[in-house]
2 protein chains.
Amino acid sequence: MSLLSLLFGQKQKSAVVAKERLQLIIARERGSQGSPDFLPALQKELIEVISKYVNVDHDDIKVSLEKQGNFEVLEVNIVLPDGKSA
Amino acid sequence: MSLLSLLFGQKQKSAVVAKERLQLIIARERGSQGSPDFLPALQKELIEVISKYVNVDHDDIKVSLEKQGNFEVLEVNIVLPDGKSA
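Residues numbered from 1 in each chain as written. Chains lettered and ligands numbered in written order. Predicted model: local features only at pLDDT ≥ 70, side-chain atom pairs only at ≥ 80, totals over all residues. Heavy atoms only, no water.

As named in an unreviewed UniProt entry, chain A is Cell division topological specificity factor, taken from Azospira inquinata. Its UniProt record gives chain A a comment under Sequence similarities (unreviewed entry), which states: "Belongs to the MinE family." Heading Function (unreviewed entry) of the UniProt record for chain A holds this comment: "Prevents the cell division inhibition by proteins MinC and MinD at internal division sites while permitting inhibition at polar sites. This ensures cell division at the proper site by restricting the formation of a division septum at the midpoint of the long axis of the cell." (UniProt positions renumbered as here; feature names shortened; annotations may be inferred.)

And the structure:
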């Protein structure tokens, strides 16, 4: 199954009016225990870069972080209210 | 199923020596047909930001872009050779 169908799956078929949506996922597998935890700092910088391309307020951004052993997944969801566009 | 198991699934159980890996996924649903295509430019800038955190050569980076209707998914995979770390 392609990433596109994994992430958008059902939405591709629904006739709902498309909103401008951007999802950023950073998945990290740590090579060694000692390697620094840089995801929070990286996330902040990536959102700053995205804000240059998408007219975004902080309330439009939802962030979630999942950790398990050597694995971490940071998810940033940005939904632009109607009328606002990239 | 959580994003972490979706992205890392089987790898979490395998006893293979962990490599430092970073996967960046940018999924976009376009609100209106006219909105600009900024993923290629955004991808370039995001990789520049990541290079501040992870010691990465261009040959360590694999990029793939998938498009279907209003939906686009850009995937950047970075695998760090052994010995190199964040």
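**Notes on the interface of chain A and chain B**
On the chain B side, the residues contacting the 44 residues of chain A number 44 residues. Carbon and sulfur atoms supply 66% of the area buried between chain A and chain B, which totals about 4200 Å² over both sides. Residue Lys52(A) pairs with Glu45(B) through a salt bridge whose shortest N-O separation is 2.7 Å. For the interface between chain A and chain B, the tally reads 13 residue pairs in polar contact (both at pLDDT 80 or more). Listing elements by their share of the side of chain A that touches chain B, those giving two or more residues are helix H1 (3–8), strand E1 (21–29), helix H2 (39–53), strand E2 (61–68) and strand E3 (71–79) of chain A. Ranked by residues supplied to the side of chain A that touches chain B, first place goes to E1(A) with nine residues. The class makeup of the residues in the side of chain A that touches chain B is 23 nonpolar, eight polar and 13 charged. Where E1(A) meets strand E1 (residues 21–29) of chain B, nine bridges bridge the pair, whose relative direction is antiparallel. Considered in E1(B), the bridge of Ile25(A) is made with Ile25(B). (Contact = heavy atoms within 4.5 Å. Buried area = accessible area lost by both parts, 1.4 Å probe. Salt bridge = Lys/Arg side-chain N within 4 Å of Asp/Glu carboxyl O. Polar contact = N/O pair within 3.5 Å; in protein donor to acceptor, adjacent residues only side chain to side chain. Helix = DSSP H or I, 4+ residues; strand = E, 2+ residues; numbered from the N terminus. Nonpolar A, V, L, I, M, F, W, Y, C, P; charged D, E, K, R; others polar. Pairing = 2+ DSSP bridges.)

**Examining the relation of the copies chain A and chain B**
Mapping between the two copies of the chain is achieved by a rotation about an axis and a shift along the axis. After a rotation of 180 degrees and a shift along the axis of 0.0 Å, chain A superposes on chain B with an RMSD of 0.0 Å. The symmetry that links the two subunits is that of a two-fold axis. Proximity to the rotation axis, assessed at the C-alpha, singles out Ile25(A) in chain A; its C-alpha lies 2.5 Å from the axis. Mapped onto chain B, 100% of the interface residues of chain A are again interface residues, and the two copies thus contact each other with one and the same surface. (Least-squares fit on C-alpha atoms with pLDDT ≥ 70 in both.)

**Some words on the nonpolar core**
Of all hydrophobic cores here, the largest spans 36 residues; its most connected members are Leu42(A) and Leu42(B). Elements that contribute at least two residues to this core include exactly E1, H2 and E3 of chain A together with E1, helix H2 (39–53) and strand E3 (71–79) of chain B. Setting aside residues no more than four positions away along its own chain, Leu42(A) makes contact with Ile26(A), Val49(B), Ile50(B) and Tyr53(B). (Core = buried A, V, L, I, M, F, W, Y, C linked by side-chain atoms within 4.5 Å. Buried < 20%, exposed > 50% of the residue type's maximum accessible area, 1.4 Å probe, protein only.)

**Notes on the environment of Leu74(B)**
Residues and elements named next belong to chain B. Here Leu 74 lies in strand E3. Judged by its relative accessible area of 2%, Leu 74 is buried. Considering only alpha carbons, one finds Leu 74 and Glu 45, 29 residues apart in sequence, at a separation of 13 Å.

**Topic: the pattern of salt bridges**
For the structure shown, the criterion picks out 18 salt bridges over all chains. In this structure, the salt-bridge partner of Lys44(A) is Glu48(A), at a minimum N-O distance of 3.6 Å. Of this pair, Lys44(A) and Glu48(A) both sit in helix H2, four residues apart, which is roughly one turn of that helix. On the basis of relative accessible area, Lys44(A) is assigned to the exposed category, the value being 55%. Bridged by salt links that share partners, the residues Glu20(A), Arg28(B), Arg30(B), Asp37(B), Lys67(B) and Glu72(B) form one connected network.

**Considering the sheet that holds strand E2 (residues 61–68) of chain B**
Taken in spatial order, the six strands make up an open sheet running E2(A)-E3(A)-E1(A)-E1(B)-E3(B)-E2(B), and their pairing is antiparallel. In the strand order of this sheet, the two ends are held by E2 of chain A together with E2 of chain B, each with one partner. Neighbour-to-neighbour, the strand axes of the sheet open up by a mean angle of 10 degrees, direction not taken into account. Each of E1, E2 and E3 of chain A together with E1 of chain B is contacted by H2(A), which is oriented at about 155 degrees to E1(A), the strand it contacts most. (Axes fitted to C-alpha atoms, helices over the stretch in contact; angles between N-to-C directions.)

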